[in-house]
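A look at the structure
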Amino acid sequence: MKKYPPKFWQRFLKWFCDPELYEEISGDLEEAVEERYHEKSEAYAKKKYRLDVIKFFKPYAWKKLHIERQQAPLLQNYLKIGVRNILKHRNYSILNGVGLVLGLTCIFLSLLFIRNELRYDQFHSNADDIYRIQRVYRSQNYAVMPFQDYWSTTAEDQLNFINELKKSQGLKNVVQFNSTNSPTALPLYYVYKSDGKKLTEDNILWTNSGNEIFEVFDWEFIYGSAENALLIPGSIVLTESAAMKYFGADWKKKDLTNEYLVLDSAEYSINGVINNVPEYSHVDFDLIINRSQIPSWGNYTYVKKTPELSEQQLLEAVSAAYFSFRPEAKDNPLEKGLILQPLTSIHLDSEALYELKTPGAPRYLWMFGLIVIYQSLYM
Amino acid sequence: MIQLGNLEETVLLLVMIMDEEAYGYAVSKEYLRQNGKDISISAVHTVLSRLEKKGLIQSKMGGSTEERGGRRKRIFQTTDYGVRTAQELKAHRTKLWNQLPQLQ
């Protein structure tokens, strides 16, 4: 008949005892219990056992702390084994590795794409207060506001709508421009340098708003300043890449204010250089030219409102100005009114005709978003 | 020469006496038998472990029995060094004791 020693003390011993010594210690104690049970009594054996366990609770018998021997050699060993393992199943490892890389790349590129699409036109400091005025005629939404006599409008008359708008309260700035990238203007011009060289240019921004354009849009100046770069008609501001294209990589050393370019039979003097327009902008250009008569039948018109004005109020002000500028539009059933397109929504949310750049589509963002989620789950 | 405590010396001698049968519990029983005094098993284990660290005895595992729940015992034996040390100890003791004729 086997009498088991008191369970609690048995477990206690097992708990504190160093595994190396446990076998011999617990063995000895249980042998003692057996003998004592036979010699004296169960009670005596149990009592002795308890005492024995307590007496064994000394540092000699305790579980030893795991002192870290040097980690370096063991780590090297793990690495060695790991490498051997990989080499042992070479094909699988390569496949797996390539898969990982591809997966990561997909996630990375998708995220970059989504980020890029969402940050269009955000870099302008007042982006939330900037709107483009668009016109609805028949059932079509137009991004370009027409001049009163289209192609034959004089330089003064081209500014009529703008001047009308400026009479309203709450409109901090109104500017307009057109671009060679627009289907409403000519796409290409020959440019002649002062030394006679002939180049082509297809990335021009024409504006008759002068310096005010820099109050609405934040294009940073490297050379020259926003206050006077486009002060007078006939001045040009180049982007850095245009400066390099026309004047070489060392354009900084040359004094560009003395330089001029000839376009479309007119001479334009250079008055400033700005940073290249970032990719995440709905409008792109290499030169801004202040030209009193825009070579097109209309213009992209932008308004910057004061923060206090609501969108509704802005629309009312703009519409009022439009109808006083074009009284016949009021009775025309085909004229469906004006709309305000927020600057930041142009890239992803525009249904207008004559956009300057192909707009993006939110459904692509959802698609890539799903790819990212799916990929990261299956990596 | 190594200094051994009283208990250590006794246990060393017991291990030599018990010759292949020396393990924790057995040594404690033998101690009781020889000296008439109880000793706890834990004291014996501690001493044996100390002696082993000093290199006077060596151990190996072996011999599981039913009473022990199938667990093996750690059996101790003296090393050559242990034997020599015991002899030296005896020599020292005897030399001292011999200088006291009245305690012969």
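Residues numbered from 1 in each chain as written. Chains lettered and ligands numbered in written order. Predicted model: local features only at pLDDT ≥ 70, side-chain atom pairs only at ≥ 80, totals over all residues. Heavy atoms only, no water.

Observations concerning the overall build of chain B
Convention followed: Counting from the N terminus, the helices are DSSP H or I runs at least four residues long and the strands are E runs at least two residues long. Only protein chains enter the accessibility calculation, which uses a 1.4 Å probe. A residue is then buried if its area is under 20% of the maximum for its type, exposed if over 50%, and partly exposed in between. Only heavy atoms matter for contacts: two residues are in contact if any of them lie within 4.5 Å across the pair.
Secondary structure assignment for chain B yields four helices and two strands. Seen in sequence order, chain B has helices and strands lined up from the N terminus as α-α-α-β-β-α. Burial analysis of chain B (104 residues in total) assigns 41% to the buried set. When contacts within chain B are restricted to residue pairs at least 6 apart in sequence, those whose partners lie at least 24 apart make up 49%.

A short note on the packing of aromatic side chains
Residue and element names in this part refer to chain A. Cut-off, in case you're wondering: We call Phe, Tyr and Trp rings a pair once their centres come within 6.5 Å, taking the six-membered ring for Trp, and we label the pair stacked below 30 degrees between planes, edge-to-face above 60, and tilted otherwise. Think of it as a cone above the ring: NZ of Lys or CZ of Arg counts as a charge over the ring if it is within 6 Å of the ring centre and within 35 degrees of the ring normal.
Inspection of the entire model under this criterion finds 26 aromatic pairs over all chains. Between phenylalanine 8 and tryptophan 9 the ring centres are 5.2 Å apart and the planes differ by 80°, which places this aromatic pair in the edge-to-face class. Between phenylalanine 217 and tryptophan 219, the ring centres sit 4.9 Å apart and the planes meet at 20°, which makes this aromatic pair stacked. The structure contains a cluster of three or more aromatic residues connected by ring pairs, namely Phe177, Phe214, Phe217, Trp219, Phe221, Phe285, Tyr300 and Tyr302. Sitting above the plane of the tyrosine 44 ring, lysine 40 keeps its charged end 4.1 Å from the centroid. Here the guanidinium or amino end of lysine 198 rests over the ring plane of tyrosine 190, the centre of that ring lying 4.4 Å away.

Observations regarding the interface of chain A and chain B
The cut-off we apply is this: Buried surface area refers to the total accessible area, computed with a probe of radius 1.4 Å, that the two partners give up upon joining, counted for both partners together. Salt-bridge detection follows one rule: a side-chain nitrogen of Lys or Arg within 4 Å of a carboxyl oxygen of Asp or Glu. Note that Gly is not counted as nonpolar here; it falls among the polar residues with everything else outside the nonpolar set of Ala, Val, Leu, Ile, Met, Phe, Trp, Tyr, Cys and Pro and the charged set of Asp, Glu, Lys and Arg.
On the chain B side, the residues contacting the 21 residues of chain A number 18 residues. For the pair chain A and chain B, the summed buried area comes to about 1900 Å², and 48% of that belongs to carbon and sulfur atoms. Linking chain A to chain B there are four salt bridges. Contributions of two or more residues to the side of chain A that touches chain B are made by helix 2 (19–39) and helix 3 (42–55) of chain A. Take the side of chain A that touches chain B: its biggest share by element is 15 residues, from helix 2 of chain A. Looking at the side of chain A that touches chain B residue by residue, the classes come out as six nonpolar, two polar and 13 charged.

A short note on the pairing of strand 13 (residues 298–305) of chain A
Residue and element names in this part refer to chain A. Going by this rule: Between any two strands, at least two bridges found by DSSP are needed for them to pair.
Strand 13 sits mainly inside the fold: eight of its eight residues count as buried. Going residue by residue along strand 13, you find Gly298, Tyr300, Tyr302 and Lys304 tucked away on one face and Asn299, Thr301, Val303 and Lys305 tucked away on the opposite face as well. As judged from the four bridges shared by strand 1 (residues 130–137) and strand 13, these two strands associate in the antiparallel manner. When the sheet's bridge partners are listed, isoleucine 133 is paired in strand 13 with threonine 301. By the bridge criterion, two bridges tie strand 3 (residues 145–146) to strand 13 in an arrangement that is antiparallel. In the strand pairing of strand 13, proline 146 is matched with glycine 298. Sheet topology note: the strand 4 (residues 171–179)/strand 13 ladder contains six bridges and is antiparallel.

Considerations on the nonpolar core
Nonpolar side chains in soluble globular proteins generally cluster together in the buried interior. Defined as follows: Here, nonpolar core means buried Ala, Val, Leu, Ile, Met, Phe, Trp, Tyr and Cys residues that are tied together by side-chain atoms lying within 4.5 Å of each other.
In this structure, Leu13, Ile25, Leu29 and Phe56 of chain A together with Leu51 of chain B are the most contacted members of the largest nonpolar core, which totals 40 residues. Counting residues per element, the ones that place at least two in this core are helix 1 (7–16), helix 2 and helix 3 of chain A together with helix 1 (6–18), helix 2 (24–35), helix 3 (41–54) and helix 4 (80–98) of chain B. Beyond its immediate stretch of four places on either side in the chain, leucine 29 of chain A contacts Leu13, Tyr49, Asp52, Val53 and Phe56 of chain A together with Ile41 of chain B. Core analysis: the next-biggest nonpolar cluster, separate from the first, contains 27 residues, Ala229, Ile274, Val277 and Ala352 of chain A among them.

Some details on unusual backbone geometry
Residue and element names in this part refer to chain A. In this model, tyrosine 150 sits at a positive phi of 50°, which is unusual for a non-glycine residue. Examined against the element boundaries, tyrosine 150 turns out to sit in the loop between strand 3 and helix 6 (155–158). You can call tyrosine 150 partly exposed: its relative accessible area is 37%.

Focus: the confidence of the model for chain A
Convention followed: pLDDT expresses, on a scale from 0 to 100, how confident the predictor is about each individual residue.
In the predicted model, chain A carries a mean pLDDT of 88, and 97% of its residues have values of at least 70. Averaged pLDDT values for the elements of chain A fall to 83 in helix 11 (residues 328–331) of chain A and rise to 93 in strand 7 (residues 204–207) of chain A.

Side note on the packing of helix 2 of chain A against helix 2 of chain B
Selection rule: A fitted line through C-alpha atoms represents every axis, and for helices the fit uses only the stretch in contact; the resulting angles, taken between N-to-C directions, go from 0 to 180 degrees. Should an angle fall under 35 degrees it is called roughly parallel, over 145 degrees roughly antiparallel, and 65 to 115 degrees roughly perpendicular, with every other angle called oblique.
Put simply, helix 2 of chain A and helix 2 of chain B touch, their axes get as near as 8 Å, and they point 50° apart. One way to sum up the angle between helix 2 of chain A and helix 2 of chain B is to call them oblique. Between helix 2 of chain A and helix 2 of chain B, the contacting residues are Asp28, Glu31, Ala32 and Glu35 of chain A on the first element and Gly24, Tyr25 and Lys29 of chain B on the second.

What to know about the side chain of glutamate 212 of chain A
Residue and element names in this part refer to chain A. Definition in use: Nitrogen and oxygen atoms within 3.5 Å of one another constitute a polar contact, given that in protein one can donate a hydrogen and the other can accept it, and given that sequence-neighbouring residues count only through two side-chain atoms.
You can see glutamate 212 is positioned in the loop between strand 7 and helix 8 (213–216). A polar atom in the side chain of glutamate 212 sits 3.1 Å from the side chain of asparagine 173. Excluding residues that lie within four positions of it along the chain, glutamate 212 makes contacts with Lys166, Lys172, Asn173, Val174 and Val175.

As for the packing of helix 1 of chain B against helix 2 of chain B
All names here are of chain B. Remark: helix 1 packs on helix 2, axes separated minimally by 10 Å, with the N-to-C direction vectors making an angle of 105°. If you check the angle between helix 1 and helix 2, you find them roughly perpendicular. Facing Leu7, Thr10, Val11, Leu14, Ile17 and Met18 of helix 1, the residues of helix 2 in contact are Ala26, Val27, Glu30, Tyr31, Gln34 and Asn35. Residue composition of the contact of helix 1 with helix 2, by class: eight nonpolar, three polar and one charged.

What about the environment of isoleucine 17 of chain B?
Positionally, isoleucine 17 of chain B belongs in helix 1. Sequence separation of isoleucine 17 of chain B and glutamine 77 of chain B is 60 residues, and the distance between their C-alpha atoms is 9.9 Å.

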